[in-house]
There are 2 protein chains.
Amino acid sequence: MEDTFRAEASARLREAGLRATGPRLAVLTAMRRMGGHRTADEVHAGLIEQDVRLPRTSVYNALAALSSAGLVNYADIGPGAAVYETAGEWHHHFVCRRCGAVLDVPCAAGGKPCLTPDIEVGVVEEAQVIFRGVCADCAASA
Amino acid sequence: MEDTFRAEASARLREAGLRATGPRLAVLTAMRRMGGHRTADEVHAGLIEQDVRLPRTSVYNALAALSSAGLVNYADIGPGAAVYETAGEWHHHFVCRRCGAVLDVPCAAGGKPCLTPDIEVGVVEEAQVIFRGVCADCAASA
DNA sequence: CGGTAATCTGGACTGAGTCCAAATCGCGAT
DNA sequence: ATCGCGATTTGGACTCAGTCCAGATTACCG
Ligand SMILES: [Mn+2]
Ligand SMILES: [Mn+2]
Ligand SMILES: [Zn+2]
Ligand SMILES: [Zn+2]
C-alpha cells in the first residue's frame with residue numbers, strides 16, 4: 001500500500017519529466033499523512049518529527065517539483081503565506097481575515113471554468129480564486 | 001482639480017470611518033500620479049522622489065487604510081508580492097511566470113460562477129481571481 | 001479652542017522564500 | 001550490472017516585504 005503509493009507517485013513524476021527522488025517522495029508521503037492545508041515549514045516540521053531529516057530548502061524544492069507535476073496543489077493565501085495540499089478535486093479557497101482559517105470552496109461549475117479569461121493574455125496555466133472575508137465561527141463570536 | 005481630488009478622497013475616507021490624514025492623501029496622490037500596478041515600496045520610492053518624506057511603515061499603513069476604504073485595490077500576486085492600484089472598474093489579474101508582468105483581465109460580471117461560493121463559509125468580502133501562465137510576449141520569444 | 005482616541009513615526013525585527021557552489025543521485029545507455 | 005552525465009540535493013547564508021511596538025502627533029468632535 002505504501003509501496004504502491006510511492007510507485008504511483010514515481011510514475012507520475014516521470015510522466016511530468018521529473019525524477020522520482022527521495023526527497024520528493026518523502027515530502028509527498030508526509031503530506032498525505034498530515035493532510036489539510038500545510039505551509040512548507042509545517043511539512044518540514046512534520047518530516048523532522050518522523051526523523052526524516054531533510055533541509056528546509058529541499059522541502060521547498062520538492063514542493064515546487066510536486067506542484068509542477070500536479071501531485072500537490074499550491075495556494076497563495078496572502079502576502080508571505082502559501083499553503084500546499086495533496087491534489088484532489090479542483091477547488092478554491094476562502095481565507096478568514098480574523099483567524100486566518102483556510103476553507104475549501106468547491107468550484108461551482110466543476111473542472112476549471114475560471115481558466116478562461118475573456119481576453120487573450122497568453123497561455124493560462126492556472127487560475128486561482130481566493131475569497132476573503134470573515135468565517136462563520138469568527139462572525140459568531142463578535 | 002488637485003484640491004477637489006483630495007477633498008473627494010477625504011470624504012470617502014470619512015465615509016469609511018477613517019480619518020483623512022496627510023500620509024493617506026499623500027499616498028493616494030502619488031498612486032494616481034504613478035498609475036499602474038505598484039508595490040508598496042514603489043509607492044514609497046515615488047513619494048521620496050517628489051521630496052515627500054514618509055516612513056516606509058506609514059506607506060504600508062496608508063495603503064491598508066485606503067484599501068479598506070475602497071480607494072485602492074489590493075492584488076496578491078504571489079508569495080511575498082502584492083501590488084496596489086487606484087480603484088477603478090473591478091477586474092482580475094494575469095501574472096506571467098516568466099517575466100512577472102501583471103496584466104488586467106476584465107471581470108465578466110456575473111458571468112463567472114466562481115465569484116460566489118455555493119457553500120456557506122461566512123461573510124465573503126472579496127473574491128480575487130489570479131491567472132498564472134506565460135504572457136503573449138514571452139510565449140513569442142521562446 | 002481643548003480633549004481624546006486614532007494615527008503616525010522610526011527603528012528593530014521576523015521569517016518565508018531565494019540563491020549558490022560543491023556533493024550526490026537517478027536513470028538511460030552500454 | 002555498471003557507467004556517465006545531467007538533474008537534483010544540500011547546507012548555509014542571505015534578502016527584503018511585511019510586521020511590531022511604544023512614544024510622539026494629529027484629526028476631529030463638542
Ligand atoms: Mn484546499
Ligand atoms: Mn489591475
Ligand atoms: Zn475566522
Ligand atoms: Zn511574460
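Before reading further, recall that the structure is shown in the block above.
Here goes a summary of the coordinates provided. Here the residue numbers are simple positions, counted from 1 along each chain's written sequence. Ligands are numbered from 1 and chains lettered from A, in the order in which they are written. Local features in a predicted model are, by the rule used here, given only for residues with pLDDT of at least 70; side-chain atom pairs are given and counted only at 80 or more, and totals for whole chains, interfaces and linings are based on all residues. Hydrogens and water molecules were not included; the side-chain quantities draw on all heavy atoms of the structure.

Description of the interface of chain B and chain A
Taken residue by residue, the interface counts 37 residues in chain B and 40 residues in chain A. Accessible surface is computed with a 1.4 Å probe, and the buried area is the amount of it that two parts give up when combined, taken over both parts together. Surface buried jointly by chain B and chain A totals about 3,000 Å² across both partners, of which 57% is contributed by carbon and sulfur atoms. Basic side-chain nitrogens of Lys or Arg form a salt bridge, by our definition, when they fall within 4 Å of a carboxyl oxygen of Asp or Glu. Viewed at the interface, chain A and chain B are joined by eight salt bridges. Residues adjacent in sequence count toward polar contacts only when both atoms are side-chain atoms; beyond that, a polar contact is any pair of N or O atoms within 3.5 Å, and within protein one must be able to donate a hydrogen and the other to accept it. One can count 17 residue pairs in polar contact (both at pLDDT 80 or more) joining chain B with chain A. Contributing elements (two or more residues each) for the side of chain B that touches chain A: strand 1 (72–78), strand 4 (102–106) and strand 5 (122–135) of chain B. Helix and strand definitions here come from DSSP, where helices need a minimum of 4 consecutive H or I residues and strands a minimum of 2 consecutive E residues; each element is numbered from the N-terminal end. When residues of the side of chain B that touches chain A are assigned to their parent elements, the largest contribution, 14 residues, is made by strand 5 of chain B. Considered class by class, the residues forming the side of chain B that touches chain A number 23 nonpolar, six polar and eight charged. Pairing between strand 5 (residues 122–135) of chain A and strand 5 of chain B: 13 bridges, direction antiparallel. Within the sheet, the bridge partner assigned to I130 of chain A lies in strand 5 of chain B and is Q128 of chain B. Contact definition: two residues touch when any of their heavy atoms are within 4.5 Å. The residue classification treats Ala, Val, Leu, Ile, Met, Phe, Trp, Tyr, Cys and Pro as nonpolar and Asp, Glu, Lys and Arg as charged. All others, Gly included, are polar. Any two strands with at least two DSSP-identified bridges between them are counted as paired.

A closer look at the protein's contact with DNA strand D
In this text, near means that some heavy atom of the residue lies within 4 Å of the molecule or strand in question. Taken together, 21 residues lie near DNA strand D, and R19, T21 and S58 of chain A together with D41 and R56 of chain B sit nearest. Take the atoms of DNA strand D that sit within 4 Å of the protein: sugar and phosphate atoms are 66% of them. R24 of chain A has a polar side-chain atom sitting 3.3 Å from a phosphate oxygen of DNA strand D. Broken down by secondary-structure element, the contributors of at least two residues to the surface near DNA strand D are helix 2 (22–34) and helix 4 (56–68) of chain A together with helix 4 (56–68) of chain B. A breakdown of the residues in the surface near DNA strand D according to their chemical character gives eight nonpolar, six polar and seven charged.

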